[in-house]
Amino acid sequence: MAILDFLPFRQVNNTPNNVVAKALSPDEIKSVNKVMKIAALALGFQGSTYYYNTRATFEPAPYDFDRIMQAADTDSYVKQALAKYRELFWKEGWKIVGENPEAVAYLYERIDYMEMAMKRPFLDFLIETSDQLFKFANAFVVKARGDINQFFSRPLSPINGSDTVVGYYLIPTEQVRILRDKFNRPRSYQQATDPLTYSPTERDPVWNADRVIHMAVDKKTGRAFGTPFLSSVLDDIIALRQMEEDIQNLVHRELFPLYKYRIGTPEQPAEPDEINRAAAEIENMRAEGGLILPHRHDIDVVSSANATLDAGSYLEHFKERVAVGLGLAPHHLGMMMNGGNRSVTDRLDTALYDKIKQYQKTFAEMIRVNIFNEILLEGGFDPITNPMQDGISDRCYFKFNEIDVDTQVKKETHVIQKYVNNVIGLKEARTELGIDPDYEMEDLFASIQSEVQIDMMKAQADVTQKGTDVVKDGDKQDSAKQGQRNLPNNRRGAGNATRPANQQGRNTSPAIRRADSDIISLIENVLEKDYNIVYVNEEESE
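Keep in mind the model is a prediction, meaning the values are calculated, not measured.

Undergrad: Explain the overall build of the chain to me, using residue names and the numbers behind them.
TA: The helix and strand inventory of the chain stands at 16 helices and twelve strands. For the chain, the proportion of contacts with a sequence separation of at least 24, taken over those separated by at least 6, is 65%. Here the chain has roughly 37200 Å² of accessible surface; of this, 52% comes from carbon and sulfur atoms.

Given below as structure tokens:
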């Protein structure tokens, strides 16, 4: 049986193509036209409308999400690729940033209340949402509302409902159907439940468009659903698995070859029961056993020898196709094909980081527009105000930390070099580094170093002043502080013996004040008036 029969995500079309032409009567033509109108309503992604008089149809996704989900559960390459996306996406964490610290603190407080209402960490909800985007390029988030004014620290005012938002939950993407109006706007969302996993009901759950947040990636113009990148690689995965099955069959055939047992010669043909006895001996022979045969018996192994097709290059080709289709390089999946050096792998890693950052940018904007803005408005903040015109804005952003640490270090070093070379100011440099531009001068490293240098100079001056003042008992050891005992005196002998004093005090040399070199010329001019000065060339005298 072929391996394709075991692949749950393989598309199989068993519909027979039995089409018979038939002439229709006028009444039948009217019936067909009526049926085609209803069918056209269900094909809104081809340009038709969904709202016709009082009848409407929910639109399913044009992509086989069930096939993608089963491929992610059964194929190792797809599963590891999605895990790689998730790990890099949330590698360095996230934070909420904004100009108004009160608005940022308010969002964190609302998230704490959501975690209690949702009974799960908010990060867990975000990771599940990102997984839906990676797999299906779509994620459907439903708002749960409730009254939490009696528990919250500040009054809340609902914006689009009777109560404020208390949490969010996801609808399985593979079960969502969308109803759109003639202007291509979503009117409502339906969950087509599976009777095998959900309790049967007369009607599937439906949500109005204002209660659902639809996050989509790579959504074509006029389409209701985003386009998953996994839909273009599933056929390559099937081809790769089929080739692996063929190679497995080839190995199996070479491991268990066909034996040709020849009995008898033209001069001495085989006896009637001789063939049966040879067959019985082969069946009863152990795997590591051998046969002792007369000269009339001969055994040959039928094998392909060196004529076997080398399928290694074909297998590597399809592995590369699968890796490229998954948006990764082969070495990201543990396949070290065609060698490679560090420079190449670094460039491939950077390309993957760029892909992940594009997802992060899209995801962050979706969170800001669909979640943060509504929550801020409920708390009395205004995230719509333009900060360029009205000063401090209440707008807050969902920001990912840099996942490429090497690139981050290079960028920060470049900003510091611009500041050192007087291209930008300190506030501009701090802003580019993502640090609060307001700072205290005494907290900077240069200020601390200056204070330390000043303290050292003052201490040195005090020591010097104390050393130049020769007073009585100046060589005595200072007494210990209160609560401490005096240490032994290491200074032996009188002070004038160990460090005598002269007309310069105890300095090692007189404090001569040096003048500039012009004074020498002045002295020579004065001496020439009273004395005869002879200039001697030392080189000639030698």
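Undergrad: Quick rundown of helix α9 (residues 342-378)? Include the residues and the values.
TA: The terminal C-alpha atoms of α9, which comprises 37 residues, lie 51 Å apart, in line with the 54 Å expected from a rise of 1.5 Å per residue. Phi turns positive, to about 90°, at Gly380, one or two residues after α9.

Undergrad: Account for the packing of helix α6 (residues 234-255) against helix α8 (residues 312-325), naming residues and giving values.
TA: It is at 9 Å that the axes of α6 and α8 come closest, and there the two elements cross at 155°. Comparing the axis directions of α6 and α8 gives the class roughly antiparallel. In the packing of α6 onto α8, the handedness of the crossing is left-handed. Contact residues: α6 offers Asp236, Ile237, Ala239, Leu240, Met243, Glu244 and Ile247, while α8 offers Tyr314, Leu315, Phe318, Lys319, Arg321 and Val322. Residues belonging to the contact of α6 with α8 are distributed by class as follows: nine nonpolar, no polar and four charged.

Undergrad: Would you mind going over the sheet that holds strand β4 (residues 138-146) in detail, with residue names and values included?
TA: A sheet is described by the order of its strands in space; here three strands give the open sequence β5-β4-β9, paired in antiparallel fashion. Each edge of the sheet is formed by a strand with only one pairing partner; in this case those strands are β5 (164-171) and β9 (212-216). Adjacent strand axes in the sheet meet at a mean angle of 25°, parallel and antiparallel pairs treated alike. Inspection of the sheet shows β4 paired to β9 by five bridges, in the antiparallel sense. Considered in β9, the bridge of Val141 is made with Ile213.

Undergrad: Any details on the nonpolar core? Residues and values, ideally.
TA: The biggest cluster of nonpolar side chains holds 82 residues, and the ones touching the most others in it are Tyr168, Leu326, Phe363 and Phe398. Of the residues forming this core, the biggest block, twelve residues, is contributed by α9. Aside from chain neighbours lying at most four places away, what touches Phe398 is Trp90, Trp94, Lys95, Leu126, Phe363, Ala364, Ile367 and Phe372.

Undergrad: Which residues make up the packing of aromatic side chains, and what are the values?
TA: Applying the stated criterion across every chain, the model contains 25 aromatic pairs. Ring centres of Trp94 and Phe398 lie 4.7 Å apart, and the angle between their planes is 20°; this geometry places the pair in the stacked category. Of this pair, Trp94 sits in strand β3 (residues 94-98) while Phe398 sits in strand β12 (residues 396-400), and the two are 304 residues apart along the sequence. Sitting over the face of the ring of Phe152, Arg110 holds its NZ or CZ atom 5.9 Å from the ring centroid.

Undergrad: Residue-level account of the sheet that holds strand β7 (residues 186-191), with values.
TA: As summarised here, the arrangement of the three strands in space is β6-β7-β8, forming an open sheet in which the pairing is antiparallel. Both outer strands of the open sheet, β6 (176-180) and β8 (206-208), are each paired with one neighbouring strand and no more. Between one strand axis and the next, the sheet turns by 25° as a mean value, whatever way the strands run. Pairing of β7 with β8 involves three bridges; the strand directions are antiparallel. Note that in β8 the partner of Ser188 across the bridge is Asn208.

Undergrad: Describe the side chain of Gln191, and please don't skip the residues or the numbers.
TA: Its place among the elements puts Gln191 in strand β7. Of the polar contacts made by the side chain of Gln191, one reaches the side chain of Gln175; its length is 2.8 Å.

Undergrad: Residue-level account of the pattern of salt bridges, with values.
TA: In the structure shown here, the tally under the stated rule is 18 salt bridges. Linking Lys143 and Glu374 is a salt bridge whose minimum nitrogen-to-oxygen distance equals 2.8 Å. Of this pair, Lys143 sits in strand β4 while Glu374 sits in helix α9, placing them 231 residues apart in sequence. The class for Glu374 is buried, based on a relative accessible area of 7%. A salt bridge links Lys418 to Glu432, with the shortest nitrogen-to-oxygen separation between them at 3.3 Å. Of the two residues, Lys418 is situated in helix α11 (residues 405-420) and Glu432 in helix α12 (residues 426-432); the sequence distance between them amounts to 14 residues. A single network of salt bridges, built from pairs that share partners, joins Arg110, Lys143, Arg145, Glu374 and Glu378.

Undergrad: Please give an account of the side chain of Asp181 that cites residues and values.
TA: Its place among the elements puts Asp181 in the loop between β6 and β7. A polar contact of 2.8 Å, which involves the side chain of Asp181, links it to the backbone nitrogen of Arg185.

Undergrad: Please give an account of unusual backbone geometry that cites residues and values.
TA: The phi torsion at Lys119 lies on the positive side, around 60°, for a residue other than glycine. Position of Lys119 among the secondary structure elements: in the loop between α4 (101-118) and α5 (122-136). Phi is positive for Asp218, close to 55°, though the residue is something other than glycine. The residue Asp218 is located in the loop between β9 and α6 in this model. Taking relative accessible area as the criterion, Asp218 reaches 44% and is therefore assigned partly exposed.

Undergrad: Run through a nonpolar patch on the surface, naming residues and quoting values.
TA: On the surface, Val251, Leu255 and Phe256 cluster together into a nonpolar patch covering about 330 Å² of accessible area. Within the fold, Phe256 resides in the loop between α6 and β10 (258-263).

Undergrad: Lay out the environment of Asp354 in plain terms, naming residues and giving numbers.
TA: As for its placement among the helices and strands, Asp354 is situated in helix α9. It is 9.9 Å that separates the C-alpha atoms of Asp354 and Ile403, two residues lying 49 residues apart in sequence.

Undergrad: How would you summarise α5 if you had to cite specific residues and measurements?
TA: Here α5 contains 15 residues, and its C-alpha end-to-end distance of 21 Å stays within 8% of the 21 Å for a straight helix at 1.5 Å per residue. Among the residues making up α5, those that are buried are Phe122, Phe125, Leu126, Thr129, Ser130, Asp131, Gln132, Leu133, Phe134 and Phe136. One or two steps after α5, the chain reaches Ala137, where phi turns positive at roughly 60°.

Undergrad: Could you give an account of the packing of α4 against α9, naming the residues involved and the relevant values?
TA: Running from N to C, α4 and α9 cross one another at 100°; their axes reach a closest spacing of 10 Å. By the angle class used here, α4 and α9 are roughly perpendicular. Contacts between α4 and α9 involve Ala103, Tyr106, Leu107, Arg110 and Met114 from the first element and Phe372, Ile375, Leu376 and Glu378 from the second. The residue makeup of the contact of α4 with α9, split by class, is seven nonpolar, no polar and two charged.

Undergrad: If you had to explain the pairing of β6 to someone new, which residues and values would you point to?
TA: Burial runs high along β6: four of the five residues are buried. Here β6 pairs with β7 via five bridges, running antiparallel. Paired with Ile178 across the bridge in β7 is Tyr189. Following β6, the chain reverses through five residues before pairing antiparallel with β7; Asn184 in that reversal takes a positive phi of roughly 70°.

The rules behind each value
- Residues numbered from 1 in each chain as written.
- Predicted model: local features only at pLDDT ≥ 70, side-chain atom pairs only at ≥ 80, totals over all residues.
- Heavy atoms only, no water.
- Helix = DSSP H or I, 4+ residues; strand = E, 2+ residues; numbered from the N terminus.
- Contact = heavy atoms within 4.5 Å.
- Areas by Shrake-Rupley, 256 points an atom, 1.4 Å probe, with all protein chains shown as cover.
- Expected span 1.5 Å × (residues − 1).
- Axes fitted to C-alpha atoms, helices over the stretch in contact; angles between N-to-C directions.
- Parallel < 35°, antiparallel > 145°, perpendicular 65-115°, else oblique.
- Left-handed = near helix turned anticlockwise from the far one by under 90°.
- Nonpolar A, V, L, I, M, F, W, Y, C, P; charged D, E, K, R; others polar.
- Pairing = 2+ DSSP bridges.
- Core = buried A, V, L, I, M, F, W, Y, C linked by side-chain atoms within 4.5 Å.
- Buried < 20%, exposed > 50% of the residue type's maximum accessible area, 1.4 Å probe, protein only.
- Phe/Tyr/Trp six-rings, centres within 6.5 Å; stacked < 30°, edge-to-face > 60°.
- Lys NZ or Arg CZ within 6 Å of the ring centre and 35° of its normal.
- Polar contact = N/O pair within 3.5 Å; in protein donor to acceptor, adjacent residues only side chain to side chain.
- Salt bridge = Lys/Arg side-chain N within 4 Å of Asp/Glu carboxyl O.
- Patch = residues over 30% accessible without salt bridge, like charges linked within 9 Å, V, L, I, M, F, W, Y side chains within 5 Å.

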